Amino acid sequence: MITLSSDFGSPYPAAMKGVALQSTDARLVDVAHDFPRQDVRAAAFWLREVLPYFPPAVHLVVVDPDVGTDRAAVVVRAGKHAFVAPDNGVAVPAARRIAEDVEVFELDVDDPASSTFHGRDVFAPAAADVHERGVDTFHQYPGYERTDDYEAVSFPEPELASDEIVGEVLVVDGFGNAVTNVPGRVLDGRFGDEVRVDGEPAPVARSYAHVGAGQRLVTVGSHGNVELAVNRGRGDDAFDVAVGDEVAVSW
Amino acid sequence: MITLSSDFGSPYPAAMKGVALQSTDARLVDVAHDFPRQDVRAAAFWLREVLPYFPPAVHLVVVDPDVGTDRAAVVVRAGKHAFVAPDNGVAVPAARRIAEDVEVFELDVDDPASSTFHGRDVFAPAAADVHERGVDTFHQYPGYERTDDYEAVSFPEPELASDEIVGEVLVVDGFGNAVTNVPGRVLDGRFGDEVRVDGEPAPVARSYAHVGAGQRLVTVGSHGNVELAVNRGRGDDAFDVAVGDEVAVSW
Amino acid sequence: MITLSSDFGSPYPAAMKGVALQSTDARLVDVAHDFPRQDVRAAAFWLREVLPYFPPAVHLVVVDPDVGTDRAAVVVRAGKHAFVAPDNGVAVPAARRIAEDVEVFELDVDDPASSTFHGRDVFAPAAADVHERGVDTFHQYPGYERTDDYEAVSFPEPELASDEIVGEVLVVDGFGNAVTNVPGRVLDGRFGDEVRVDGEPAPVARSYAHVGAGQRLVTVGSHGNVELAVNRGRGDDAFDVAVGDEVAVSW
């Protein structure tokens, strides 16, 4: 199985699929191709939240603002999963969620057909190759060199005090839910109660429909983080927050 | 075969696919993940128009504004098809289009991992389970209880008079075609002629390009209902209608 | 393998998949369903750039503004590939990219269920039929008649002078890269240098990140054509161009 993730929109991902299918019969599964363009951190977050739910697979991941420069191409191995991606750290949080120890191999890339579309010309053929050679054994073939010098995306840590935590909005999903880096456990024991978000009170609820339609709420999202939301509405608008904004939760 | 439908946008559907693939090798087919958010009626309409074209399948359907409340999770069986969905009626019109008699089973849901993403934590594993156990036999296993107490979406009926019919816009598709609940047969014998829509004349045409580019027309859409359209343009704009609006067709 | 391409958005492509799967177990691969609506030339361009990367396949292509009129339905055969499409020329550039000689067969279409959705009622069943009968042999069965009278999309040729070339923006991709019809070879020997675009200087770069974030550049895109771009930004905005606009590149 090969999963595909990118910020390519359409129709570029299809070229990657075509190339991969030239040399593999693997099942192809689209993860997303509408990650915020060239936003390596956002993609890294979502991949960490989604890819660990897959059975063993090769994950083709291309969010690659530095395509055509001297940034390396890598395979990140984590347990029975392998991630084929540019060396900008995008796949590392997902890999580390799957296995404590990850191994990274640099791809020997040989004069690709284009300087602007390595998803098609470098990463798709490499993903098919890793799949065909096997996640356990691909590195025994030429073209893959073990390295300890690789990039990794990291997420900012929230600042915890006894009665306040200051975090950051990491991503906003399509519903308008603003996902923060604040761990959901700070809401333990507060469901049905209120907290303050940037000084304004908001109810803490198990899920969206526990408050009235159009009402604000603070909840624990499916990723385990504190999420600012509105039942049948957009949390980012109601809390007036965007990606990168600081958020103070107090009680 | 398992089809997937939701209002999740991206990348949440991928988590459902990953979970399902943990326990099935079934073919997965995306139907749509961009249904109008939390609009159970719109999704029910589209599913009724699309899913009956599939061969026997398990249909995973998650438009679920009440996720995390006490709404039940159900399997709706219709002939050789099964729909795994929240008990808000979203799958019932499609099921009834496939088979006159449908049977509904309530899922025994046991403390899901999240309160906000039952697509991943409840419905995807259930769809895989129904697929693996078989649409004919899944209910013989624990966890599925037959019920006659279930929700069903219904669509408003148009009001017919001898020279007028008053209907409603049910959905607007991506082309801007406004699909009403008025049965297409009211246009029988009127192709090439005119009707009045909210008092204004509009030609009745077999298809879009039977009128000039940019011209309004009234036609019978692929769902068999009266549709307000513009050749190479948007019918909703030209007729100034939106979902839920009343539309009077007279002749 | 059957690939699917359309301007249908969602959920109409799912109806095509359901219908195809009634009569084939082929792998289905989505190419794109968000081609600019009813823009036959744009779809023809993208298909030419993407489909030749696939292994032998049947390609279902439906961008069909004249659905329901007397335009024919065709199968275009090119090597081991077959394209099932309306006879508006949309598939011909891709076919000719794959094989010098293409053969076209007109489909005998018999009173489809709808006048507005031949993707579902004509082209999807035909694609499944061509797949099941085989790209080499389908035409030996009834319903396919060889014809030399068919439509073909062509792209405008740029005008070359010794120190200027006047081309046209063919498409703008989702990143905002404006893809012209100017062959990339006019930039040979100019990388690291400057050209003038509509009289204004712009650097010629191998790829986007060779200039600073937010800076304009001229590059050769993955299709081999000159592309107007901005590193981490939108080229169409920065160069103030849209599809169909004339672009003069001089040096």
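Keep in mind that this is a model prediction, so the values were computed, not measured.

About the thresholds
The residue count restarts for each chain, going from 1 along the sequence in the order it is written. Chains and ligands are labelled by the order in which they are written, letters from A for the one and numbers from 1 for the other. Whole-chain, interface and lining totals are the exception, using all residues; otherwise, since this is a predicted model, local features are given only for residues with pLDDT of at least 70 and side-chain atom pairs are given and counted only at 80 or more. In computing side-chain values, all of the structure's heavy atoms are included and hydrogens and water are not. DSSP-based pairing: two strands are paired if at least 2 bridges between them are found. Numbering of helices and strands runs from the N terminus, with a helix taken as a DSSP run of H or I at least four residues long and a strand as a DSSP run of E at least two residues long. An axis is simply a line fitted to the C-alpha atoms; with a helix, the fit covers only the stretch in contact. Between two such axes, the angle follows the N-to-C directions and lies from 0 to 180 degrees. We call two residues in contact when some of their heavy atoms are within 4.5 Å. Partly exposed describes any residue whose relative accessible area lies between the buried limit of under 20% and the exposed limit of over 50%, with all areas from a 1.4 Å probe on protein chains only and scaled to the type maximum. To superpose the copies, least squares is applied to the C-alpha atoms of every residue with a pLDDT of at least 70 in both. Whenever two N or O atoms come within 3.5 Å, that pair is a polar contact, provided that in protein one can donate a hydrogen and the other can accept it, and provided that, for residues adjacent in sequence, both atoms are side-chain atoms. Segment limits for the domains were obtained from an automatic or database-derived domain assignment. Two parts placed together each lose some accessible area under a 1.4 Å probe, and adding up what both lose gives the buried area. The working definition used for a salt bridge is a side-chain nitrogen of Lys or Arg within 4 Å of a carboxyl oxygen of Asp or Glu. When residue character is reported, Ala, Val, Leu, Ile, Met, Phe, Trp, Tyr, Cys and Pro are called nonpolar, Asp, Glu, Lys and Arg charged, and the others, Gly included, polar.

A short note on the sheet that holds strand β2 (residues 28-32) of chain A
All names here are of chain A.
Reasoning step 1: If you trace the seven strands from one edge of the open sheet to the other, you get β2-β1-β3-β5-β4-β6-β7, paired in mixed fashion. Sheet topology places β2 and β7 (144-147) at the edges, where each strand pairs with a single neighbour. In this sheet, adjacent strand axes meet at a mean angle of 25° when their direction is disregarded.
Reasoning step 2: In this structure, strand β4 (residues 73-78) lies alongside strand β5 (residues 81-86), joined through six bridges in antiparallel fashion. Looking at β5, one finds that Val74 is bridged to Ala85.
Reasoning step 3: Along the sheet, helix α1 (residues 12-21) contacts β1 (2-6), β2 and β3 (58-62); its crossing angle with β1, the most-contacted strand, is approximately 155°.
Reasoning step 4: Lying on the sheet, helix α4 (residues 118-133) is in contact with β1, β3, β4, β5, β6 (103-107) and β7; it crosses β3 at an angle near 170°.

Topic: unusual backbone geometry
Reasoning step 1: Between B:Ser10 and the following residue, B:Pro11, the backbone shows a cis peptide bond with an omega angle of 5°.
Reasoning step 2: Here the phi dihedral of C:Asp111 falls at roughly 50°; this positive angle occurs in a residue that is not glycine.
Reasoning step 3: Relative to the helices and strands, C:Asp111 resides in the loop between β6 (103-107) and α4 (118-133).
Reasoning step 4: According to the relative accessible area criterion, C:Asp111 is exposed, its value standing at 70%.
Reasoning step 5: Positive phi outside glycine occurs at C:Asp240, with the angle close to 55°.
Reasoning step 6: One can find C:Asp240 in the loop between α5 (235-239) and β15 (246-250).

A word on the relation of the copies chain B and chain A
Reasoning step 1: The two copies are related by a screw motion: chain B maps onto chain A through a turn of 120° and a shift of 0.0 Å along the axis, at an RMSD of 0.0 Å. Taken together, the turn and the small shift mark the pair as related by a three-fold rotation axis. Taking C-alpha positions as reference, the residue of chain B nearest the rotation axis is B:Arg27, located at 5.3 Å.
Reasoning step 2: When the interface residues of chain B are mapped onto chain A, a mere 4% of them again fall at the interface, so the copies present different faces.

Considering the side chain of B:His118
All names here are of chain B.
Reasoning step 1: Within the secondary structure layout, His118 lies in helix α4 (residues 118-133).
Reasoning step 2: The class of His118 is buried, set by a relative accessible area of 8%.
Reasoning step 3: At 3.1 Å, the side chain of His118 and the backbone oxygen of Ser114 are in polar contact.
Reasoning step 4: Setting aside chain neighbours within four positions, we find His118 in contact with Asp64, Val67, Gly68, Arg71, Pro112, Phe123 and Ala124.

Quick notes on the domain arrangement of chain A
Residues and elements named next belong to chain A.
Reasoning step 1: Each domain of chain A was delimited in the assignment, giving domain 1 (2-147) and domain 2 (159-250).
Reasoning step 2: Between domain 1 and domain 2 the total buried area reaches about 600 Å² when both faces are included, carbon and sulfur atoms providing 62% of it.
Reasoning step 3: Considering only the surface of domain 1 that becomes buried against domain 2, Arg41, Phe45 and Trp46 emerge as the three largest contributors, covering 74% of it.
Reasoning step 4: Here domain 1 is connected to domain 2 by one salt bridge.
Reasoning step 5: Between Glu168 and Arg41 there is a salt bridge whose closest N-O contact spans 3.0 Å.
Reasoning step 6: The interface formed by domain 1 and domain 2 contains one residue pair in polar contact (both at pLDDT 80 or more).
Reasoning step 7: Of the residues in the side of domain 1 that touches domain 2, the class split is three nonpolar, no polar and two charged.

Quick word on the relation of the copies chain C and chain B
Reasoning step 1: The two copies are related by a screw operation: chain C maps onto chain B through 120° of rotation and 0.0 Å of translation along the axis, at an RMSD of 0.0 Å.
Reasoning step 2: The two copies present different faces, since only 4% of the interface residues in chain C are matched by interface residues at the equivalent positions in chain B.

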